[in-house]
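# Coordinate analysis (summary)
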Amino acid sequence: MSKTMSVYPAVSELVRTSMAEVIGPRLYCCCNCRNHVALHDDVISKAFQGRNGRAFLFSHAMNIVMGPKEDRHLLTGLHTVADVYCGDCREVLGWKYERAYEETQKYKEGKFILEKSKIVKENW
């Protein structure tokens, strides 16, 4: 190796590394035990209403346990839902839409509502 070459990568090479590669993906965790329950990349909407205020609609959730399915009258009509609990501490986090009875609400089927007051950010 010549005296002018360095064993360290150029600054431009270091800049290309994204924050996700350095500290991992942005996550949402259970507010009670910090169990990872959702990825920021899976947020569909932040404009939903939960039982206790604002809620986020997610395409996927992880490390959760689901309760029994039940029909519930929500703001947007009748839905079959299952409550969603943290897989570690069993804190109620929200619910999963199993079925929407109105055609305009079918896009929610299979999606998850996690209440903003029940989740916290990690790796932001």
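Please read these numbers as outputs of a predicted model, since none were measured by experiment. (Residues numbered from 1 in each chain as written. Predicted model: local features only at pLDDT ≥ 70, side-chain atom pairs only at ≥ 80, totals over all residues. Heavy atoms only, no water.)

Next up on the list: the pattern of salt bridges. Here the structure, examined in full by the defined rule, presents five salt bridges. Two residues, glutamate 109 and lysine 106, come together in a salt bridge whose shortest N-O distance is 3.4 Å. Residue class for glutamate 109 comes out partly exposed when judged on its relative accessible area of 30%. We classify lysine 106 as partly exposed; its relative accessible area is 29%. Salt bridges linked by common partners bring Arg51, Glu70, Arg72 and Asp83 together as one network. (Salt bridge = Lys/Arg side-chain N within 4 Å of Asp/Glu carboxyl O. Buried < 20%, exposed > 50% of the residue type's maximum accessible area, 1.4 Å probe, protein only.)

Glancing now at the packing of aromatic side chains. Taken as a whole and judged by the stated rule, the model has five aromatic pairs. Judged by centre distance (5.8 Å) and plane angle (70°), the rings of tyrosine 28 and phenylalanine 56 are edge-to-face. Note that tyrosine 28 is positioned in strand β1 (residues 27-30) and phenylalanine 56 in strand β4 (residues 53-58), a separation of 28 residues in sequence. For the pair tryptophan 95 and tyrosine 97, a centre-to-centre distance of 6.2 Å together with 80° between the ring planes defines the contact as edge-to-face. (Phe/Tyr/Trp six-rings, centres within 6.5 Å; stacked < 30°, edge-to-face > 60°. Helix = DSSP H or I, 4+ residues; strand = E, 2+ residues; numbered from the N terminus.)

Looking now at the nonpolar core. Among the nonpolar cores identified, the biggest contains twelve residues, and these are Tyr28, Cys30, Val37, Ala38, Phe56, Phe58, Val84, Cys86, Leu93, Phe112, Leu114 and Ile119. Secondary-structure elements contributing two or more residues to this core are β1, β2 (36-39), β4, β6 (77-86) and β8 (112-115). Grouped together as the second largest cluster of nonpolar side chains are seven residues, Leu57, Val81, Trp95 and Ile113 included. (Core = buried A, V, L, I, M, F, W, Y, C linked by side-chain atoms within 4.5 Å.)

For glutamate 70, the location among the structural elements is in strand β5 (residues 64-74). In this structure the C-alpha to C-alpha distance between glutamate 70 and threonine 80, which are ten residues apart in sequence, comes to 5.3 Å. Among the polar contacts made by the side chain of glutamate 70, one reaches the side chain of arginine 72 at a distance of 3.1 Å. (Polar contact = N/O pair within 3.5 Å; in protein donor to acceptor, adjacent residues only side chain to side chain.)

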